[in-house]
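This is what each chain is made of:
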Amino acid sequence: MTSARLKTGIVLATLCLALSGCSSYQPAPKAFSEATIQPYRIDSGDKLRINVFEQAGLSGSYTVDQAGYVAFPLIGAVASRGHTLPEMETMIASKLRQGYLRDPDVTIEVDRYRSVFIMGEVGQAGQYSYVPGMTVQNAIAVAGGYSPRANQANVDVTRKINGRTLTGRVSISDPIMAGDTIYVRERLF
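Residues numbered from 1 in each chain as written. Predicted model: local features only at pLDDT ≥ 70, side-chain atom pairs only at ≥ 80, totals over all residues. Heavy atoms only, no water.

Enquirer: Report on the pattern of salt bridges, specifying residues and quantitative values.
Expert: Counting across every chain of the model gives twelve salt bridges. A salt bridge links R41 to E87, with the shortest nitrogen-to-oxygen separation between them at 3.5 Å. Taken together, the residues span a long stretch of sequence, with R41 in the loop between α2 (30-36) and β1 (47-52) and E87 in helix α3 (residues 85-97) at a distance of 46 residues. Taking the relative accessible area as the measure of exposure, E87 reaches 33% and is therefore partly exposed. Among the ionic pairs, R185 bridges to D156, the shortest N-O distance being 3.6 Å. Here R185 is found in the segment after β10 (181-184), whereas its partner D156 is found in strand β8 (residues 154-161), with 29 residues between them in sequence. (Salt bridge = Lys/Arg side-chain N within 4 Å of Asp/Glu carboxyl O. Helix = DSSP H or I, 4+ residues; strand = E, 2+ residues; numbered from the N terminus. Buried < 20%, exposed > 50% of the residue type's maximum accessible area, 1.4 Å probe, protein only.)

Enquirer: Go over the pairing of β8 with me, naming the residues and quoting the values.
Expert: Where β8 meets strand β9 (residues 164-171), eight bridges bridge the pair, whose relative direction is antiparallel. Bridge pairing in β9 places I161 opposite R164. Here β8 folds back onto β9, and the loop between the two strands holds two residues, one of which, N162, carries a positive phi near 55°. (Pairing = 2+ DSSP bridges.)

Enquirer: Explain the packing of aromatic side chains to me, and be specific about the residues and the numbers.
Expert: The tally for this structure, following the rule as stated, stands at three aromatic pairs. Measuring from centroid to centroid gives 5.0 Å for Y40 and Y113, while their planes differ by 90°, and the two rings are edge-to-face. Of this pair, Y40 sits in the loop between α2 and β1 while Y113 sits in the loop between β5 (106-112) and β6 (116-120), placing them 73 residues apart in sequence. Owing to a relative accessible area of 23%, Y40 belongs among the partly exposed residues under this scheme. You can call Y113 partly exposed: its relative accessible area is 22%. (Phe/Tyr/Trp six-rings, centres within 6.5 Å; stacked < 30°, edge-to-face > 60°.)

Enquirer: Break down the layout of surface pockets for me, with residues and values.
Expert: Taken as a whole, the largest pocket spans an internal volume of roughly 750 Å³. As for the largest pocket, its lining consists of 32 residues, and the residues nearest its centre are D43, R114, K160, I161 and A178. Where the lining of the largest pocket is concerned, the elements lending two or more residues are α2 and β8. (1 Å grid on protein atoms, 1.4 Å probe; cavity = no way out; pocket = protein on both sides within 12 Å on 5 of 7 lines; lining within 4 Å. Points joined across faces, edges and corners; volume = space filled by probe spheres on them.)

Enquirer: Residue-level account of the pairing of strand β4 (residues 76-79), with values.
Expert: As paired elements, strand β3 (residues 69-72) and β4 share four bridges and run antiparallel to each other. Residue pairing for β4: A71 is matched across the bridge by A77. The turn linking β3 back onto β4 is made up of three residues, and L74 within it adopts a positive phi angle of 75°.

Enquirer: Describe α3, listing the residues and the values that go with them.
Expert: For α3, spanning 13 residues, the distance from its first C-alpha to its last is 18 Å, which sits close to the expected 18 Å at 1.5 Å a residue. For α3, every residue scored as buried is listed here: L85, M88, I92, A93 and L96. Buried positions in α3, seen along its axis, are confined to an arc of 125° and lie on one side of it. Residues of α3 that are exposed and point over 90 degrees away from its buried face: P86 and T90. Against β1, β3, β4 and β5 lie the buried residues of α3. Of the residues flanking the end of α3, it is G99, one or two places downstream, whose phi is positive at about 100°. (Expected span 1.5 Å × (residues − 1). Arc of directions from axis to C-beta. Contact = heavy atoms within 4.5 Å.)

The following block contains the structure:
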């Protein structure tokens, strides 16, 4: 092989290696946008305010544990992960009817959402409180804004949807959900 051919081969191999890093790009799956318009699903780390009408001893704030359960007085552990708030209200009322209360009126609201995690090229990477209606751009602002090397066009978001963990690239104007992990990449140039 001549020297010129060898150099050309090395340049092509290097270029292929560099471009192969770009092939890991994954646009956000359709489920990403669909998940943001679905009813909120409870998961570990959520703190719920459960109110049983005229039952002060049962009403209060309860945290969903790592296994996805809420420890509730009288009825014990209630499976919560993946359920909506109305589903949880029905489950707790149903269990309370089984020998404890005649006709319980249960209401549940989220007292504190599980955190979002912001990593990569931001001022202060870490764990932050989620606020309903939050966008990627809002979350980055909470984390101290972009670092000087940040790619400000889009980010990678990792989200749990229907028990599966998915990662996709989204615009900074996209909404985020409680429990999301946002990764701000470094720009190439």
